[in-house]
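Residue strings, one per chain:
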Amino acid sequence: MNIFLVHVGDDNFCRLLPEKLNRSKSDSGRVKVMAFPPLGIQTLAPVVRQRGHRVRMFDTCHPRMKLEHIAQAVVQEQPDVVGLSFLSTTTYPAVKSMARRLKAEAENIPIIVGGTFATLNADRILGDCPDINCVGVGEGEELLPDYLDHLDNPGSVAGLVWRRDGNIVVNTPRPLLRDLDQFPYPDRTSLPIDYIESLPLDVPAVLSMDKFCTVQTSRGCPYSCIYCGIPALCGGRWRSRSPEHVLGELQQLNDLGYRSIYLTDDHFLINRKRIEGICRGIIERKLRFHWGCEGRVDSVGIDQLPLMRQAGCNFLAFGVEAGTQKVLDRLNKRQTPAQVKRAVREARRQGIARIHGFFVVGSPDETEADVLESFRFAAQLELDTFGFNRLCVYRGTPLWQEYVGRGIIDDERDWHKWFKCSDIDDTTLPSAVVNRLRAKGYGMLFLHRILKRPIRTWKLLRAFSRHMRIFDIIKLLSSPFRRRPLTRKPELPVRMIGLGLEEPDRRGVSATR
């Protein structure tokens, strides 16, 4: 069979590399895009090919892989199945538009969707979008080939949600994969796209022009932070590939010329022995790339930082989230400020080149003093970069369920939306206050960096200037102080809509509670 696999991306997180930075132009039809690669369809493509099917991949970040181009390809090639992969609620409208257009061009071609949002909302998607035939719930490596083998008997495919005689049928759940070593390595050659390591939301903030890709060496996370939907997907379990299997992929990437790799694991630092096996393998094989990852500050793997640095790790991101124990506890983060300080200090001591801290502001029960304390705390840490994002809530997270219980969100009618907590929850600071405090905090943090760590700040700016103009660096640094337009604004909960509101108004919600 001929299969189309389409990654429907978020336009806020991809951009073509500016011409002034594209020093290696070619006529091969390849484009350079500032974005993360679509690891989902890259992973599924070789698995499906192993079953004897032909696969063509599309990534909508490519200027010639937009809706109209994919629709034209469907008409010309008449694939047997189209698979649409997407991550979150922000891209669901684009997925619906694509399904509608593809069905208009070829109504008999089945469309299956998958990904995080689809998994958490499978029956709702089928009830909302008649152009989608079925949803693959969970991991696709076994589900998609099984579906292709049973197009005439979808009821036998575990993990599939589909329609029969107009009714939505939810098949037996498919268990989590036990052996992640059994599958071939992702296909990183078929898409005519060179992905650039960057900060796409603040383009053109190019971090490196080295050949770049992402790798997933493990799945899941055993923690239960209230803003995270990963536990709902993995059942609170962490599963990993063996060091040997990971090293086989890393060797392949090294031989293909990749020199910058980002590990997309939800929690890479969880297993000390596994980290050691991977890092020693990188060193023994003399692999020549640099790499980065994310991890918790309380991880046992922190003591492996010397070996990680020796193996080429030059970037480490920590989920700090807040600078007070009160807010950390409210987020169910299960870590302390002291653990944060220790982890960042150790990463700096071991020579990790760039250390990043993720923070959130606008959390439930957070006060103005708490927000400013998070910025003061960040100033005490030896972080190279940091981000303070307003806390948002998505379906599938514990916080969403809390809001449903409090009557702020209607789970039946708001399921396809996302919200900034400060827009809907009257136990958070109002959005205008959060934005004002964030601007003040960034100003304080930038001033501290310049005055207290001028040499390190200069080195960081010089590293950015290798691929950025001075004007663009100024634009990047000023971004926390200005509002950035998004392609899709967050919607209102149905309760606010019922009150006739057109803009968020927490008073309208609290008055009806």
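Up top is the structure these notes are about.
Okay, so let's go over this structure. (Residues numbered from 1 in each chain as written. Predicted model: local features only at pLDDT ≥ 70, side-chain atom pairs only at ≥ 80, totals over all residues. Heavy atoms only, no water.)

Comments concerning the layout of surface pockets
Keep this limit in mind: Using only the protein atoms, space was sampled on a 1 Å grid; points where a 1.4 Å probe fits but cannot get out form cavities, open sets with protein on both sides within 12 Å along at least five of seven lines form pockets, and lining residues are those with an atom within 4 Å of a point. Grid points are joined across faces, edges and corners, and a volume is the space filled by probe spheres set on the points. Comment: elements are numbered from the N terminus, with helices defined as DSSP H or I runs of at least four residues and strands as E runs of at least two. We call Asp, Glu, Lys and Arg charged. Ala, Val, Leu, Ile, Met, Phe, Trp, Tyr, Cys and Pro are nonpolar, and the rest, Gly among them, are polar.
In this model, the second largest pocket occupies a volume close to 430 Å³. L207, N314, R354, A463 and R466 are, among the 18 residues lining the second largest pocket, the residues nearest its centre. Contributing elements (two or more residues each) for the lining of the second largest pocket: strand 11 (205-208), strand 17 (313-321) and helix 17 (454-465). A per-element tally of the lining of the second largest pocket places helix 17 first, with five residues. Class assignment of the residues belonging to the lining of the second largest pocket gives a composition of seven nonpolar, four polar and seven charged.

A closer look at the pattern of salt bridges
For clarity, the threshold we go by: We define a salt bridge as a contact between a side-chain nitrogen of Lys or Arg and a carboxyl oxygen of Asp or Glu at a distance within 4 Å. Classification of residues uses two cut-offs on accessible area relative to the type maximum, computed with a 1.4 Å probe and protein chains only: under 20% is buried, over 50% is exposed, and between them is partly exposed.
With the rule as written, the count across this model stands at 36 salt bridges. With its nearest N and O atoms 2.3 Å apart, the salt bridge here joins E77 to R56. Residue E77 is found in helix 2 (residues 67-77), and its partner R56 is found in strand 4 (residues 54-59); the two are separated by 21 residues along the sequence. The closest approach of N and O atoms between R348 and D384, which form a salt bridge, is 2.6 Å. Residue R348 is found in helix 12 (residues 337-349), and its partner D384 is found in the loop between helix 13 (368-380) and strand 19 (385-390); the two are separated by 36 residues along the sequence. For D384, a relative accessible area of 4% translates into the label buried. The network of salt bridges with common partners includes R330, D365, E402, R406, D425 and D426.

Any link to function would need more than the numbers given here.
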